[in-house]
Amino acid sequence: MNAPQRIAVVGAGLAAVSACDTLRAQGYDGDLVLYSAEHGLPYDRPSLSKDVLLGKDRRDDVLLRPEQWYDDQRVRLREGAVVHAIRPQPGGVELAGGAVETADRIVLATGGTPRALPVPGGDDPEICLLRTWEDAQRLRERLLPGARVTVVGAGLIGAETAAVAVALGCRVTLVDPVRVPLAAAVGHDIATALHDRHSAEGIDVITAGVEHVERRQGRFLIHLSGYEATVCADTVVAGIGIRPATHLAEAAGLRVDNGVVVDANRRTSHPAVYAIGDVARGDGHRMRHEHWEAAQRDGEAVGRAILGRPVPDAGAPWFWSDRHGTRLEAIGTMADAERTVLRGAPESGAFLAFGLRGDRVVAAAAIDRTRDIKAVRRIVDRGIAVDPAELADESADLRSLLKR
């Protein structure tokens, strides 16, 4: 295929901006258009459930790039431009108003939409979701001292939101049907320590599913399965994950299966269309990686691939989460491991879990062990054979394993 004259990037999150940045860094000199359905400069989303909710970060603090960057890099940012459809052949995007703009390559970076509670009353518009700046501002106004807040879902977003709410003086209830959320990703030991911390911080943790939600006289009544009492709340937050925004890809006839299916170059089933970030799933991979670094690297990969440059191996996925003043960091997924080795005592509050398959570390998770996790990541990526006893020994320097 000839070098593209115009590239349309649909979506304006981290993956999209990273793609634009990489295209220019790799020498692309054509027309580059970034379509954002939101108004304002593109911003980083992880802070929405942390410092934005706490009131520490303003909009300017979470911008992905300053306004001048778009001029300097000749990226045409189309704010409030809702893409209604993509036309892979002959090539273009159709905006909500009906206008069609041409493009030789299209990059779908449409992310995902928060899942509403799949129960009667779960689609009540007063139930808060958390995906956009406006969502965070709406919820922030409700997190007042003494307010009764129920968060449904104890994964990353739900746990972070609950931690912020209790820090702001709210009376928080956290509901999840799973006794130890995140165990598949970070292992039972780390997941248990994280989840138990909620109770220690004064959050009422309930292991149950939601049967239905009703609203009476300005308050919510949450009815739970197998739980006699009804939970009463002033505010309900649904934090049960996202649904990949695949509507444009589906309408265009692209292959979709729990995300837009892409190859190693992030190319979809149509050679002129690529997909990156939360909306994309690698062919042969069972899951999408809905994390910050994965989005950044996807953008870098697609920028190189479109220009015919080699795409480096991204290595094992890494993600983090902050709650209650501690930091979780994880590499890979512990579901891939055959056994677990711990370094440090769980009761100390700062320890590390290694997931081993044979004599190789395939995953790891840690609480407040940033220095260690950096070394472990390189051990995982290099496939270094390890001695489990050495991994567990606090006196053994993990970095020494990298010299073997």
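In what follows, the accompanying structure is described. If you're wondering where the values come from, they're calculated on a predicted model, not measured in any experiment.

### Focus on the overall build of the chain
In terms of helices and strands, the chain carries eleven helices and 24 strands. The globule rule puts the C-alpha radius of gyration for 404 residues at 22 Å, and the 22 Å found for the chain is close to it. Dimensions along the principal axes, computed over C-alpha positions, put the chain at roughly 65 × 60 × 35 Å. Counting every position in the chain, which comprises 404 residues, the buried fraction comes to 51%. In the chain, once contacts between residues fewer than 6 apart in sequence are set aside, the share between residues at least 24 apart is 60%. Of the roughly 18,000 Å² of accessible surface on the chain, 47% is carried by carbon and sulfur atoms. The averaged location of the 56 negative side-chain charges in the chain is 2 Å from the averaged location of its 50 positive side-chain charges.

### What to know about the sheet that holds strand S5 (residues 92-95)
Taken in spatial order, the three strands line up as S4-S5-S6 in an open sheet, and their pairing is antiparallel. The open sheet is flanked by strand S4 (83-87) and strand S6 (100-102), the only strands paired with a single partner. Across this sheet, the average inter-strand angle for adjacent strands is 20°, counted without regard to direction.

### Here we look at helix H5 (residues 156-167)
With twelve residues, H5 should reach 16 Å at 1.5 Å per residue; the first-to-last C-alpha distance of 17 Å fits that figure. Here H5 lies mainly inside the structure; nine of its twelve residues are buried. Among the residues of H5, Gly-158, Ala-159, Glu-160, Thr-161, Ala-162, Ala-163, Val-164, Ala-165 and Val-166 are the ones counted as buried. At the C-terminal side of H5, Gly-169 shows a positive phi close to 95°.

### Here's the deal with the packing of helix H1 (residues 14-25) against helix H9 (residues 292-306)
Across the interface, H1 lies against H9 with an axial gap of 7 Å and an inter-helix angle of 35°. Crossing of H1 against H9: the hand is right-handed. Seen from H1, the contacting residues are Leu-14, Ala-15, Ser-18, Ala-19, Thr-22 and Leu-23; seen from H9, they are Trp-292, Ala-295, Gln-296, Gly-299, Glu-300, Val-302, Gly-303, Arg-304 and Ile-306.

### Things to note about the pattern of salt bridges
All told, the structure shown has 29 salt bridges when counted by the stated rule. Between Arg-197 and Glu-201 there is a salt bridge; the shortest N-O distance is 2.8 Å. Taking the relative accessible area as the measure of exposure, Arg-197 reaches 27% and is therefore partly exposed. In this structure Glu-201 comes out as partly exposed when scored by relative accessible area, which is 34%.

### Quick look at the sheet that holds strand S18 (residues 273-275)
One open sheet holds the five strands; their spatial order is S3-S2-S1-S7-S18, and the pairing between them is parallel. Two strands bound the open sheet, and with one partner strand each, they are strand S3 (75-78) and S18. Between one strand and the next, the sheet's axes are offset by a mean angle of 20°, whatever the strand orientation. Alignment of strand S2 (residues 31-35) against S3, held across four bridges, turns out to be parallel. Paired with Val-33 across the strands is Arg-76, a residue of S3. The strands that H1 touches are strand S1 (6-10), S2 and S3; relative to S2, the one it contacts most, it runs at about 170°.

### What to know about H9
Its 15 residues place the ends of H9 22 Å apart at the C-alpha level, agreeing with the 21 Å of an ideal helix rising 1.5 Å per residue. Listed in full, the buried residues belonging to H9 are Glu-293, Ala-295, Asp-298, Gly-299, Ala-301, Val-302, Gly-303, Ala-305 and Ile-306. Where H9 is buried, its residues contact S1, H1, strand S7 (105-108), S18, strand S20 (318-323) and helix H10 (370-382). The positive-phi residue at the C-terminal boundary of H9 is Gly-308, with phi of around 80°.

### Some words on the environment of His-198
Mapped onto the fold, His-198 is located in helix H7 (residues 188-200). A relative accessible area of 1% places His-198 in the buried class. In this structure, His-198 is in contact with Ala-159, Leu-174, Ile-203, Val-205, Arg-323 and His-324, ignoring residues within four places of it in sequence.

### Re the side chain of Ser-321
Within the secondary structure, Ser-321 is located in strand S20. What makes Ser-321 buried here is its relative accessible area of 0%. A polar contact is formed between the side chain of Ser-321 and the side chain of Glu-160, at a distance of 2.7 Å. Engagement of the side chain of Ser-321 in a polar contact is seen with the side chain of Arg-323, the distance being 3.3 Å.

About the criteria used
Residues numbered from 1 in each chain as written. Predicted model: local features only at pLDDT ≥ 70, side-chain atom pairs only at ≥ 80, totals over all residues. Heavy atoms only, no water. Helix = DSSP H or I, 4+ residues; strand = E, 2+ residues; numbered from the N terminus. Rg over C-alpha atoms; globule rule 2.2 N^0.38 Å. Buried < 20%, exposed > 50% of the residue type's maximum accessible area, 1.4 Å probe, protein only. Contact = heavy atoms within 4.5 Å. Areas by Shrake-Rupley, 256 points an atom, 1.4 Å probe, with all protein chains shown as cover. Lys, Arg positive; Asp, Glu negative; His and termini not counted. Charge placed at Lys NZ, Arg CZ, Asp CG, Glu CD. Pairing = 2+ DSSP bridges. Axes fitted to C-alpha atoms, helices over the stretch in contact; angles between N-to-C directions. Expected span 1.5 Å × (residues − 1). Left-handed = near helix turned anticlockwise from the far one by under 90°. Salt bridge = Lys/Arg side-chain N within 4 Å of Asp/Glu carboxyl O. Polar contact = N/O pair within 3.5 Å; in protein donor to acceptor, adjacent residues only side chain to side chain.

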